[in-house]
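# Summary of the model geometry
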Protein chains: 4
Amino acid sequence: MFLKRFYDEQLAHASYLIGCYATGEAMVIDPNRSIDQYIQAASDEAMRIIAVTETHIHADFLSGSRELAQRTESTLYLSDEGDTDWKYAFANEPNVRLIKHGDVIEIGRIKLDVWHTPGHTPEHLAFVITDQADTQEPLGAFTGDFIFVGDVGRPDLLDRVAGYKDTMEKGARTLYQSLQKFTTAMPDHLLLFPAHGAGSACGKALGGVPVSVLGYQKKVNWALKCKTEQEFVDGVLSGQPEPPLYFKEMKRMNKVGPAILGPLKIPIQLLPSALANKDAFVIDIRPASAVRIGFFPGSVGVASCRLCRSFATWTGWHAPYDKDIMIISNTQEDMVAATRSMESIGLDHVIGWVPFDSIPSNQIEKINLISVEDAIGRNALGEVNILDVRGRSEYEEGHIPGVTWIPFGYLESRLADIPTDKPLVIHCAGGNRSPIAYTVLRKQGFRNLFEMSAGYKGYLATGGEVDRTLLEV
Amino acid sequence: MFLKRFYDEQLAHASYLIGCYATGEAMVIDPNRSIDQYIQAASDEAMRIIAVTETHIHADFLSGSRELAQRTESTLYLSDEGDTDWKYAFANEPNVRLIKHGDVIEIGRIKLDVWHTPGHTPEHLAFVITDQADTQEPLGAFTGDFIFVGDVGRPDLLDRVAGYKDTMEKGARTLYQSLQKFTTAMPDHLLLFPAHGAGSACGKALGGVPVSVLGYQKKVNWALKCKTEQEFVDGVLSGQPEPPLYFKEMKRMNKVGPAILGPLKIPIQLLPSALANKDAFVIDIRPASAVRIGFFPGSVGVASCRLCRSFATWTGWHAPYDKDIMIISNTQEDMVAATRSMESIGLDHVIGWVPFDSIPSNQIEKINLISVEDAIGRNALGEVNILDVRGRSEYEEGHIPGVTWIPFGYLESRLADIPTDKPLVIHCAGGNRSPIAYTVLRKQGFRNLFEMSAGYKGYLATGGEVDRTLLEV
Amino acid sequence: MFLKRFYDEQLAHASYLIGCYATGEAMVIDPNRSIDQYIQAASDEAMRIIAVTETHIHADFLSGSRELAQRTESTLYLSDEGDTDWKYAFANEPNVRLIKHGDVIEIGRIKLDVWHTPGHTPEHLAFVITDQADTQEPLGAFTGDFIFVGDVGRPDLLDRVAGYKDTMEKGARTLYQSLQKFTTAMPDHLLLFPAHGAGSACGKALGGVPVSVLGYQKKVNWALKCKTEQEFVDGVLSGQPEPPLYFKEMKRMNKVGPAILGPLKIPIQLLPSALANKDAFVIDIRPASAVRIGFFPGSVGVASCRLCRSFATWTGWHAPYDKDIMIISNTQEDMVAATRSMESIGLDHVIGWVPFDSIPSNQIEKINLISVEDAIGRNALGEVNILDVRGRSEYEEGHIPGVTWIPFGYLESRLADIPTDKPLVIHCAGGNRSPIAYTVLRKQGFRNLFEMSAGYKGYLATGGEVDRTLLEV
Amino acid sequence: MFLKRFYDEQLAHASYLIGCYATGEAMVIDPNRSIDQYIQAASDEAMRIIAVTETHIHADFLSGSRELAQRTESTLYLSDEGDTDWKYAFANEPNVRLIKHGDVIEIGRIKLDVWHTPGHTPEHLAFVITDQADTQEPLGAFTGDFIFVGDVGRPDLLDRVAGYKDTMEKGARTLYQSLQKFTTAMPDHLLLFPAHGAGSACGKALGGVPVSVLGYQKKVNWALKCKTEQEFVDGVLSGQPEPPLYFKEMKRMNKVGPAILGPLKIPIQLLPSALANKDAFVIDIRPASAVRIGFFPGSVGVASCRLCRSFATWTGWHAPYDKDIMIISNTQEDMVAATRSMESIGLDHVIGWVPFDSIPSNQIEKINLISVEDAIGRNALGEVNILDVRGRSEYEEGHIPGVTWIPFGYLESRLADIPTDKPLVIHCAGGNRSPIAYTVLRKQGFRNLFEMSAGYKGYLATGGEVDRTLLEV
């Protein structure tokens, strides 16, 4: 048996190719839209993809299952569990086979036992693999967003992004039952191959080791160590990160059927005059340091942070799914990479790009910078307001006393909460998100904005007072 | 004044960007469809393209004028000379301005005087440049297919590819008059910037120096040295290479209006089963050496020759304009390059590619190779027929006695002329075109084929007899 | 805790980066010479490499430990186990710390317990990892060539490549004891991270899943299922693949101290006349299909096989460590990749490359090809000899009756065993190794060679008789 | 005859490959150190380089003649004109042939007549090409730094960079005589192929058209239109740009014999601690916008300007030839490109690079920015000094009243002239050179620095007063 793991750093998403050496048949689990990578890897092993599946209707990226199965003329196995709200709308396509708990898929000598593991979502499946060439003992399981390394899939997303109400607690209890059944039935030496790694918003505490073992998780994973259902429910519903707004759209698109991308496109270069089109969303992908020196007002600067890993998620917070998108970039190479990233979350409507240097300088504005000392001093004198755009858990761990707090992803929907009586100083942790917030507000017509680019980290370095008051729930 | 020359090796095609340093305005002359290169170069010089033009309706590549002008929101200057058969069908588009002999275009301080120079085609223009920042004396001229380095544009294409009759001699005489007028009016120090270089089928003897001077051409260019019109007419109508069949289609498309390419596409990978589609044209772009070892019967192996320069032209001879195209390749990189090449001559219908290694080995056939000695020996014994697929001039310079001669581009249309009573030995000059001919005939159902891959060059090395009989006209 | 696995397909070699999120400190285990990859990955995680180690003195690739530790100014932990023959000669370098069974290394909150696990080699160590941020239970172990997925490290290499005598059985027994101790002491849920994957010559049956669990291996790994020491000893000493000849050199160099590569170099292009230098080793890296059509006699064509994975190993069989190396290639890109591959096994003396197309055609020879039918027919008539160059296990699984068998890696040392009374037909399994054998013999002055490129696979397809006689031990 | 022009944008340097189709022999004129490009181009044309030459001992880049001739085993033709000070020190190498006025070089059917054309330098040659396949009339000339498009080579470099005294006027008169002789002897239709294009510091007014014609230059080139020798002398000695300091070193190295680069090297990544080495020169190649936000004090930020064209020249102003060099970069790709650029001017001692992001933040400093309004206001109040680091001609065209003027390339040698009594505001034209100046002064220990990044352009936009006083000569 052959197994290869694919990991997308931006999505913190893992997918898997497995194949049988004896028959040359292969299967892909939880693919994203970069489907060429799976086809290439199978071909490198002289294997042929005959099956594609996914553990559940993903919320954080657009699934590549449908396109990969069509391209490779494979069978697409989709969950038939969950109630009518959770049925795939494209299940009637000829190559789809619906599967339920207890079903078995065979890929050469490899056997996959289908387990229904609801909780994160109602239709969620896990696949237990047995390499029958070796033994009838299971080798491992693809657990999707059921069990992660160090955590479990959060059950609160339906309420928080899919428009459901009061499903969180029920989901948490269902998840507890799923965990009980699965962990009891499986041997301790079972390998766990989850769909996400550290940094994913599908859980709160995912670890940095790519794989784990059931017996070890029982010892270290907080969720598997809970003594009572209630302890688990309380734990799993607290401390979860804000789910990005685009998750809702992902859920919908993955259920309806992700659009077939087909040939990848390289967006064309546009004249700066194209930026005048008010109906398009303009995203500036240059580094924060460049955006500070000059940006096009009206664009949103999802400046690539130092590690470039948050690009897809941060863009998902702000970019609309019903508008054309234009990119401002320094280079064609970055522009193409950004286009591919946006496609990974279904933002397919990139109509072109504008090199920043081609924009006439009289249409450029720069970010007003303010030092920590200046900002704090003026705040003390009542001359400015301060806006903290970090996430909830960061805010609760400590913030500057008296600031307004709105996570940067919610700005557009909470404009009314932003004080406008004085100049506004924006900060995040260390200067990656504050330029985004600045350009978002500038686009909405705000003026008198300042960025405290040193961020909360810079504030701490000055030895300023820290407020650790928790937010009301 | 700034001037940059762009040269496409495959098309042997030169285009030009000129710009005025004083105003930052720029113009492009005779662009091909790789329009990004012009936009990038202008941007590198901090210039902005405001005008695009072309010397005539090209026959050998698809023009990029229309798309470049649209993309850059430039004025597109098109010839209004020639009779009704030679009017651009998209001349009514809002950014088009029709021009005639005597018109003047100004790009900052640069002046272009429009000259009507018919002969190669009836609507042909040349543009005389004056850098008014320096002097009122002309600096040079963009001569298109009017005057080349060492040659002039052939006047026989209309008859030979565009379906006209008996226009050759008239065209030749018109061209002579155009030459007389132009060369008399212009100073000897005039720089000549033609649209083609060595290897183009738009003339017969283009030189390898990219640029020349009128005074020097008067001394060395056979066409400018003719003492009488008749000498010129006889000269220009003899010895021209076979014009590729696709030239006809190019003329039509360039007149009607080349399709707008928009975002470049990267064709998707297909399963080998896609090759069963008989309605698509399958082109194999791997090197000849690889095709010999194994090819898919039904594909045409336009194997990249050693220098890779003939790919577009050789493909143009064989690929249809009304069918989907599939590519067989070793690598995605080559496949994308081939796709771009085909787009340069309007073959836009690439629907996907198949990696050669993914084709099941039982669907693969190899080319039967035969040595020169064996082929000649068996030919002497009457056991085989020999087919020479080189061009007319190569054939006339010397060929193996008794062979059948059909240029490789005409094979599909002359199947009936190919002897089938004995095994057929195919050869070209040195093994670049014979695999194409082999696969073309194999696709048409021929069997009992052999490739003498050492070619005529190999034959000469054996000291064999040479027949230099000319073909009847 | 962060963990990242690096896998080199050509060496079938796995190395690991682990890091502590709390302190940002990181460690690398069993690095190869591509040390930039570890530095980059640590930097991507905002971590800093402070320690480097290796499980043992590797035989199949040149270790990057020394250079990585120097470059990153890290502590280099080296085994102090084994007798005086197995001491690192560079252990006195200032950043080296010698370690023994029972020692503990701490990287932030991560603890590595050092286990002495002799058998594959006398000084072999395993590192048991505990993520003290989570628990005091061990999480997994870096097992090097001690326990693989589905196999264990072979104990016969010292005899077979390092010049030792009669150590095989003793090594096997030692290994058995090491396994007993380790597997008894460790929990079933222990993750196993070995140094090799499928295809490595350091074992005979490595699996295609990158990671495994002790509890599962106890059920499926033949070596852990043996009931008696003797059963294990018999098993581990039978059926091992031929170890490449270069293994001996690797052992020596890794013990003495691998040369510091420093800045990577891009070999220069040489004139074809350079090939006349008889003191240099000339390697042709073009595909087998190209080599067949034309090669430079005197070069050895380690034509990249379809999957390109055997390049380093196959080159190691033939290239000398005491000569300059010249590369014949089609492209600079391939040439650079081949140079890097050769560096991975210590072949650092590449002095330049020659593009194949620049070699005058009169210095080129082609491989004589023969069909299976022709070869078998002539063999039956006693007109030719057949040479099978596959490995021992392939030969024993079935071969053409009456052939001479010499694995392609031993040809140079067994020239006297090759029959020269008749034309010689060379074959391997499917045409990847036969061009190497052909060019090796051609270089040694053999003539009258033929390649049966369809190989044993092609022979089987004809339904020919199969001889399954085993070789004498 | 084949001719190809190579143009290096950073050096504004043109070199040429010419070849004879009949014999396949080729020659390179004035190569730089990127010698692979010439070998590749010759190979693409199936030609073989048999000769290399240069017009003179270049001052602005390191010549590739010696290495190219050695690599291709060609004859290297070197000037034997000029007095003993101007003899090549490596003329005794076996493949060198010395040439003088009147000598003839033949490359197949191509003839090069050697003309001695002193003035720019005493040993300067021009090569008049005749394509004898066509005619005995000359086709063109490689004029080196003798005649440019729109200008002539400056005769003042010997005094200004090579340590000579009072040679300027003599050189100018010699140049005048050379021009008289050459332009009188040559036909008006002669093509001129010079060694430099727009932007070169080897002249003052080079045009943007790559090629010109003698007859046309006689009409528009100021130098060829002078009526008297004195008019020419006065003209050619006025208004020349400051020659970069590294020119002196180039002259010396090109005369002594440029080092053979051999295999290109990719510098290794170093730990930030390496930056503590005070004996090395640290160059930061990140964009100005990034340097402003954070730089390592002690590094010199030759930030790539918008067009990236000045990198080599600007680095040449500051980098020492006798020290190791370390690069600070964002990416390996940029670092390698910068290394190649530095090699083009002989800065071969790059020992490694440090990714900017790996430098601990407490070792980073940011550039203090100041707005034009603030700077001018404080200047009026006597609170700051202003330093203009633009070139002489820019300064004379207009400057802010009362500023100190030191071209950025002379800062290190004129530290004593920089006022230190008040904070210092540095500006250039538009923000490309001011970060260099800022980091140079910071490295020298200056404090209280501010950058007015909007530059003189920004000053003009405020409508401020302009001082047009010329500098004393």
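Only a predicted model underlies this, so the values are computations on that prediction, with no experimental measurement involved. (Residues numbered from 1 in each chain as written. Chains lettered and ligands numbered in written order. Predicted model: local features only at pLDDT ≥ 70, side-chain atom pairs only at ≥ 80, totals over all residues. Heavy atoms only, no water.)

A word on the environment of Tyr410 of chain D. On the secondary structure map, Tyr410 of chain D appears in the loop between strand S21 (404–405) and strand S22 (424–427). What Tyr410 of chain D contacts, discounting residues up to four positions off in sequence, is Glu242, Pro243, Leu245 and Trp317 of chain D. (Helix = DSSP H or I, 4+ residues; strand = E, 2+ residues; numbered from the N terminus. Contact = heavy atoms within 4.5 Å.)

Turning to the relation of the copies chain C and chain A, a few remarks are in order. It takes a turn of 180° to lay chain C on chain A, together with a shift of 0.0 Å along the axis; the resulting RMSD is 0.0 Å. Considering both components of the superposition, the chain copies are consistent with a two-fold axis. Across chain C, the rotation axis passes nearest the C-alpha of His189 of chain C, at a separation of 2.4 Å. Of the residues that chain C buries at the interface, 100% are likewise interface residues in chain A, meaning the two copies contact each other through the same surface. (Least-squares fit on C-alpha atoms with pLDDT ≥ 70 in both.)

How large an interface is tends to be reported as the accessible area lost when its parts come together. Contacts between chain D and chain B engage 33 residues on the former and 33 residues on the latter. For chain D, the biggest contributors to the area lost against chain B are His189, Val209 and Tyr216 of chain D; these three give 23% of the whole. Measuring nitrogen to oxygen at the nearest pair gives 4.0 Å for the salt bridge that ties Glu137 of chain B to Lys219 of chain D. At the junction of chain D and chain B, the tally comes to 4 residue pairs in polar contact (both at pLDDT 80 or more). The set of elements that each furnish at least two residues to the side of chain D that touches chain B consists of strand S1 (2–8), helix H1 (36–44), strand S14 (212–213) and helix H5 (214–220) of chain D. Here the side of chain D that touches chain B takes 4 residues from H5 of chain D, the largest share from any one element. Of the residues in the side of chain D that touches chain B, the class split is 16 nonpolar, 6 polar and 11 charged. (Buried area = accessible area lost by both parts, 1.4 Å probe. Salt bridge = Lys/Arg side-chain N within 4 Å of Asp/Glu carboxyl O. Polar contact = N/O pair within 3.5 Å; in protein donor to acceptor, adjacent residues only side chain to side chain. Nonpolar A, V, L, I, M, F, W, Y, C, P; charged D, E, K, R; others polar.)

Chain C puts 33 residues into the contact, and the matching count from chain A is 33 residues. Contact between chain C and chain A buries roughly 2,600 Å² in total, counting both sides, with carbon and sulfur atoms accounting for 61%. Considering only the surface of chain C that becomes buried against chain A, His189, Val209 and Tyr216 of chain C emerge as the three largest contributors, covering 23% of it. At the junction of chain C with chain A, the criterion picks out 1 salt bridge. Counting the contacts that link chain C with chain A gives 4 residue pairs in polar contact (both at pLDDT 80 or more).

All names here are of chain C. The 4 strands are arranged S19-S18-S20-S21 in an open sheet whose pairing can be described as parallel. The open sheet terminates on both sides in strands that have one partner only, identified here as strand S19 (404–405) and strand S21 (449–451). The pairing of strand S18 (residues 385–388) with strand S20 (residues 424–427) spans 4 bridges and is parallel. Residue Ile386 lies in a different strand from S20, and its bridge partner there is Val425. (Pairing = 2+ DSSP bridges.)

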